[in-house]
Amino acid sequence: MGNGVSIKIGLKCEECGDINYTTYKNPKTHTEKLAIKKYSPRLKKHTIHKEVKLKS
């Protein structure tokens, strides 16, 4: 990302523990942890995915 403010985060499945998705967020404007319902390929259903830090 060009602005230098956004950080890359992973979205980890609550049920199986896999990091299935990555995205970017601005930590200055979105201070709370992200939690989204996304599709888990291992479980073949939609589950809650929560934000985790990725190793740089």
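It should be noted that the structure appears before, not after, this text.
Participant: What exactly am I supposed to notice about the overall build of the chain here?
Facilitator: The helix and strand inventory of the chain stands at zero helices and four strands. Walking the chain from its N terminus toward its C terminus, one meets helices and strands in the order β-β-β-β. If one aligns the C-alpha atoms of the chain with their principal axes, the spans along those axes are about 35 × 20 × 15 Å. The buried share of the chain, reckoned over its 56 residues, is 20%. Restricting to contacts in the chain with at least 6 residues of sequence separation, those with at least 24 account for 38%. A total accessible area of about 4,400 Å² is found for the chain, and carbon and sulfur atoms account for 50% of it. Charge separation in the chain, taken as the distance between the mean sites of 13 positive and 5 negative side-chain charges, equals 4 Å.

Participant: Explanation requested: the pattern of salt bridges in the structure shown.
Facilitator: Where side chains of opposite charge bring their charged atoms close, a pairing between them can arise. Going through the model one piece at a time under the given rule, you end up with three salt bridges. E15 serves as the salt-bridge partner of K45, at 3.4 Å between the closest nitrogen and oxygen. A residue pair is termed long-range when its members are at least 10 positions apart, and K45 in strand β4 (residues 45-53) and E15 in the loop between β1 (7-13) and β2 (19-25) qualify at 30 residues. The exposure class of K45 is partly exposed, given its relative accessible area of 40%. For E15, a relative accessible area of 52% translates into the label exposed. R42 serves as the salt-bridge partner of D18, at 2.9 Å between the closest nitrogen and oxygen. Taken together, the residues D18 in the loop between β1 and β2 and R42 in the loop between β3 (35-40) and β4 connect sequence positions 24 residues apart.

Participant: Explanation requested: the sheet that holds β2 in the structure shown.
Facilitator: The sheet built from four strands is open, its strands ordered β2-β1-β4-β3 with antiparallel pairing. On the outer flanks of this sheet lie β2 and β3, each paired with one strand and no other. The sheet shows a mean angle of 40° between the axes of neighbouring strands, direction not considered. Here β3 runs beside β4; their pairing, made up of six bridges, is antiparallel. Within β4, the position partnered with Y39 by the bridge is H46.

About the cut-offs
Residues numbered from 1 in each chain as written. Predicted model: local features only at pLDDT ≥ 70, side-chain atom pairs only at ≥ 80, totals over all residues. Heavy atoms only, no water. Helix = DSSP H or I, 4+ residues; strand = E, 2+ residues; numbered from the N terminus. Buried < 20%, exposed > 50% of the residue type's maximum accessible area, 1.4 Å probe, protein only. Contact = heavy atoms within 4.5 Å. Areas by Shrake-Rupley, 256 points an atom, 1.4 Å probe, with all protein chains shown as cover. Lys, Arg positive; Asp, Glu negative; His and termini not counted. Charge placed at Lys NZ, Arg CZ, Asp CG, Glu CD. Salt bridge = Lys/Arg side-chain N within 4 Å of Asp/Glu carboxyl O. Pairing = 2+ DSSP bridges. Axes fitted to C-alpha atoms, helices over the stretch in contact; angles between N-to-C directions.

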